[in-house]
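Summary of structural features
Spelled out, the chains give:
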Amino acid sequence: MYQVTVSVDSSKADWLYSVEDVINNKLKSCYAVSAICASGRRVYCSFGCEPQNRAQMLSAVKEGLVEMYGVVTKFDYIKKNLLIGLPPLRYEILLHTLVAFDRENEHKLLNGILEVRDGMNLDGIFDFKLGELKERWLEICKLTKSNGTYLYDDETYNELLRFLISAVNPKINKLTVCENNGKYRLTGAMKNSTLELSACDSMELMYYLIDLAPLELVIDGRISNRELSQRLIGIFDAKTVAPCKNKTKN
């Protein structure tokens, strides 16, 4: 069996745990397996497969690590360096939007930097090889803080998020959102499948929308949360159509 092991300081173990499911789903296609364990002050993750599946496994692990650095570590870094007194909901939405901003270019850069090998030190790579990315992220934080006073106004806040999301490559062309008993259902047509998601609250809904960055957003019916409705219109230019059918009765 071919095997590689990567590790991270235990204080940053969430980096690995946050993408564990993502990597494992990718490993299924190449009949590879993984296992995580802690020893001393480090957390280790080993990946194994048959020799003939080596290239596929390394590619799957690399995709997961690119996602880890481009999303999880970026979020941590920006949150650490962007300390502003926004209301919690507004602050969290801003953080997720900043993480999504320019993600395609950053993932390309990460693909050029990362080389999966046995003994790979994930926090060491972050500390010593991601200088260019960290400079970009720090500049984003500085620019956001210098314009922090505008973030308290709904209109300018929505305009900023709209600008940031416009730089994100859309994962779907058209997305429909429908509120049902205080929850939200999202549907849309992907290239080879149909997308169906459920959001339990407005925060989760915004996370989905920021990640998917739809070219067109349709509100099927009415959004009872007025602030959320205005945000969807202000950020995604959402259009409203007739109420969705077959709603669950109380």
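Computed from a predicted structure; not experimentally measured. (Residues numbered from 1 in each chain as written. Predicted model: local features only at pLDDT ≥ 70, side-chain atom pairs only at ≥ 80, totals over all residues. Heavy atoms only, no water.)

**Overview of the sheet that holds strand 2 (residues 33-39)**
This is how the line gets drawn: Strand pairing follows a simple DSSP-based rule, namely that at least 2 bridges must link the two strands. Each helix is a run of H or I in the DSSP string that is no shorter than four residues. Each strand is a run of E no shorter than two, and both are numbered from the N terminus.
One open sheet accounts for four strands, arranged 2-3-1-4; its pairing is mixed. One side of each edge strand has no neighbouring strand; the edge strands of this open sheet are strand 2 and strand 4 (120-121).

**A short note on the layout of surface pockets**
Where empty space is left becomes clear once a probe the size of a water molecule has been rolled over the atoms. The condition is simple: Each cavity reported here is a set of points on a 1 Å grid over the protein atoms alone in which a 1.4 Å probe fits but cannot get out, each pocket an open set with protein on both sides within 12 Å along at least five of seven lines, and each lining residue one with an atom within 4 Å of a point. Grid points are joined across faces, edges and corners, and a volume is the space filled by probe spheres set on the points. Charged residues are taken to be Asp, Glu, Lys and Arg, nonpolar residues to be Ala, Val, Leu, Ile, Met, Phe, Trp, Tyr, Cys and Pro, and polar residues to be all remaining types, Gly included.
Roughly 450 Å³ of volume is contained in the largest pocket. At the level of secondary structure, the elements contributing two or more residues to the lining of the largest pocket comprise helix 2 (54-81), helix 3 (88-100), helix 4 (103-113) and helix 8 (202-212). With five residues, helix 2 is the largest single contributor of residues to the lining of the largest pocket. Class assignment of the residues belonging to the lining of the largest pocket gives a composition of eight nonpolar, three polar and five charged.

**Things to note about unusual backbone geometry**
For clarity, the cut-off: A 1.4 Å probe rolled over the protein chains alone gives each residue an accessible area, and that area as a share of the maximum for its type sets the label: buried under 20%, exposed over 50%, partly exposed in between.
Here the phi dihedral of Asp102 falls at roughly 60 degrees; this positive angle occurs in a residue that is not glycine. Along the polypeptide, Asp102 turns up in the loop between helix 3 and helix 4. The phi torsion at Ala213 lies on the positive side, around 45 degrees, for a residue other than glycine. Summarising the element assignment, Ala213 is placed in the loop between helix 8 and strand 8 (216-220). Judged by its relative accessible area of 4%, Ala213 falls in the buried class.

**Points about empty space enclosed by the protein**
For the structure on display, the rule yields one cavity of 30 Å³ or more. Empty space within the largest cavity amounts to approximately 30 Å³. Lining the largest cavity, in full, are Leu16, Glu20, Ile23, Asn24, Ser34, Ile36, Cys45 and Phe47. Going through the elements one at a time, helix 1 (13-27), strand 2 and strand 3 (42-49) are the ones with two or more residues in the lining of the largest cavity. Residue composition of the lining of the largest cavity, by class: five nonpolar, two polar and one charged.

**Overview of the side chain of Ser202**
Applied cut-off: Throughout, a contact is declared for two residues whenever any of their heavy atoms are within 4.5 Å.
With respect to the helices, strands and loops of the structure, Ser202 is situated in helix 8. Those residues in contact with Ser202 that sit more than four places away from it in its chain are Leu89, Tyr184 and Leu228.

**With respect to the sheet that holds strand 9 (residues 239-241)**
Basically, it comes down to this: Angular values range over 0 to 180 degrees, each being the angle between N-to-C directions of two axes fitted as lines to C-alpha atoms, with helices fitted over their stretch in contact.
Spatially, 7-6-5-8-9 is the arrangement adopted by the five strands of the open sheet, whose pairing is mixed. Both outer strands of the open sheet, strand 7 (194-199) and strand 9, are each paired with one neighbouring strand and no more. Mean inter-strand twist for the sheet, computed between neighbouring axes without regard to direction, equals 25 degrees. Across three bridges, strand 8 lies against strand 9 in parallel orientation.

**Side note on the packing of helix 2 against helix 5 (residues 122-129)**
This is how the line gets drawn: Here is the rule for angles: anything less than 35 degrees is roughly parallel, anything more than 145 is roughly antiparallel, 65 through 115 is roughly perpendicular, and the remaining ranges are oblique. A crossing counts as left-handed when the near helix is turned anticlockwise from the far one by less than a right angle, and as right-handed when that turn is clockwise.
Orientation of helix 2 relative to helix 5, taken along the N-to-C sense of each, is 65 degrees, at an axis distance of 12 Å. By the angle between their axes, helix 2 is roughly perpendicular relative to helix 5. Here helix 2 runs over helix 5; the crossing is right-handed. Contacts from Leu65, Met68, Tyr69, Thr73 and Tyr77 of helix 2 reach helix 5 at Leu122, Ile125 and Phe126.

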